[in-house]
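One letter stands for each residue in the lines below.
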Amino acid sequence: MSLRVCVAGATGWAGRAVARAVLESDEFRLESAVARSAAGEDVGIAIGSGAPVGVPITADPAEALKAKPEVWIDYTHPSAVKGHALAALEGGARVVIGTSGLGEDDYREITSAALAARSGVIAAGNFSMTAALLKHLAGIAARHLPHREIIDFAGPTKPDAPSGTAMELAEYLATVSPNQLDLPVEETLGVPGTRGAGIGGTQVHSLRLPSYLISIEALFALPDERLIIRHDAGNSPEPYVAGTLLAVQRVGEVTGLVRGLDELLFA
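All of the points below concern the structure found in this document. Only a predicted model underlies this, so the values are computations on that prediction, with no experimental measurement involved.

1. Re a nonpolar patch on the surface
- Residues Met129, Leu133, Leu137, Ile140, Leu265 and Phe266 make up a contiguous nonpolar surface patch of roughly 450 Å² in combined accessible area.
- The leading source of residues in the nonpolar patch is helix H6 (residues 129-142), at four residues.

2. Quick look at the pattern of salt bridges
- On inspection of all chains with the given rule, the structure shows 16 salt bridges.
- Notably, a salt bridge pairs Asp160 with Lys158, separated by 3.1 Å at the nearest N-O pair.
- Salt bridges sharing partners connect three or more residues here, namely Lys82, Asp106 and Glu109.

3. With respect to the pairing of strand E11 (residues 225-232)
- Direction of pairing for strand E10 (residues 215-222) relative to E11: antiparallel, over a ladder of eight bridges. Its bridge partner being in E11, Ala218 is matched across the sheet by Ile229.
- In sequence, E10 turns back onto E11 through a hairpin of two residues, with Asp224 there showing a positive phi of about 70 degrees.

4. Focus: the pairing of strand E6 (residues 120-123)
- Here E6 shows two buried faces, one formed by Gly120 and Ile122 and the other by Val121 and Ala123.
- Note that strand E5 (residues 94-97) and E6 share three bridges and pair parallel. Across the sheet, Val95 pairs through a bridge with Val121, a residue of E6.
- In this region the chain leaves E5, passes through helix H5 (residues 104-116) and returns to the parallel neighbour E6; the handedness of that crossover is right-handed.
- Sheet topology note: the E6/strand E12 (residues 256-259) ladder contains four bridges and is parallel. Bridge pairing in E12 places Ile122 opposite Val258.

5. Focus on the packing of aromatic side chains
- Going through the model one piece at a time under the given rule, you end up with two aromatic pairs.
- Aromatic side chains Phe153 and Tyr212 sit 5.5 Å apart centroid to centroid with 15 degrees between the ring planes, which places their arrangement in the stacked category. Taken together, the residues Phe153 in strand E7 (residues 147-154) and Tyr212 in the loop between strand E9 (202-208) and E10 connect sequence positions 59 residues apart.
- A residue is classified by how much of its surface remains accessible, and Phe153, at 8% relative accessible area, is buried.
- Its relative accessible area of 31% is what places Tyr212 among the partly exposed residues.

The rules we used
- Residues numbered from 1 in each chain as written.
- Predicted model: local features only at pLDDT ≥ 70, side-chain atom pairs only at ≥ 80, totals over all residues.
- Heavy atoms only, no water.
- Patch = residues over 30% accessible without salt bridge, like charges linked within 9 Å, V, L, I, M, F, W, Y side chains within 5 Å.
- Areas by Shrake-Rupley, 256 points an atom, 1.4 Å probe, with all protein chains shown as cover.
- Salt bridge = Lys/Arg side-chain N within 4 Å of Asp/Glu carboxyl O.
- Helix = DSSP H or I, 4+ residues; strand = E, 2+ residues; numbered from the N terminus.
- Pairing = 2+ DSSP bridges.
- Buried < 20%, exposed > 50% of the residue type's maximum accessible area, 1.4 Å probe, protein only.
- Right-handed = clockwise from strand over helix to strand, strands pointing away.
- Phe/Tyr/Trp six-rings, centres within 6.5 Å; stacked < 30°, edge-to-face > 60°.

In structure tokens form, the structure reads like this:
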């Protein structure tokens, strides 16, 4: 039987591509969709699939949950996603989060709710294959190279800084090895804030400028040598679709929270 899903943020940049893939797949059935901008419209028309599919978009997550989706896919906004995840878990759905911008406290609360519901959540700052490989390879590098920093690139309107990709990477590397700072940031002369934000012991620098798409660099160094691992995203949301649908397939195996597509690919 097809897995019943809800896509929240169904008319957004990534959510639209995910919703279209769900409609085109034999493995999934779109039971409901959430989007404030297109409430009341048929989701097939709203996302440009060309024909109505009999699923009206709602602006109310509680209304979407009445359709009893088995998996809630969230590509909405950092201010909304935690509330959506908690409501979905309470409503009996497992959750896949592609929205970035959540912090450690948010994830702790989501983890507690998932465990209490004996359910599962998979969250990733980036569901693309190359981003997952960057995180995996950076973890290998961190075991051998004691100095590291992260640079996070995006356009000027991206609301969260650092990106979910950079946040997830920095927090993950902290579990692999401590970062070595020869000069503590607080001892920096001038303006210490220019050294970036410390996340899990790694300095993270977020650039937000026109002409940049989503990119991230993990930089490692030893005296007289360095390693740079870089992920670049293009103009299309398609790189995130396959990873999201893999998470939807696998979230039924999860109890609690799994963070990162790499955890599914390379565990």
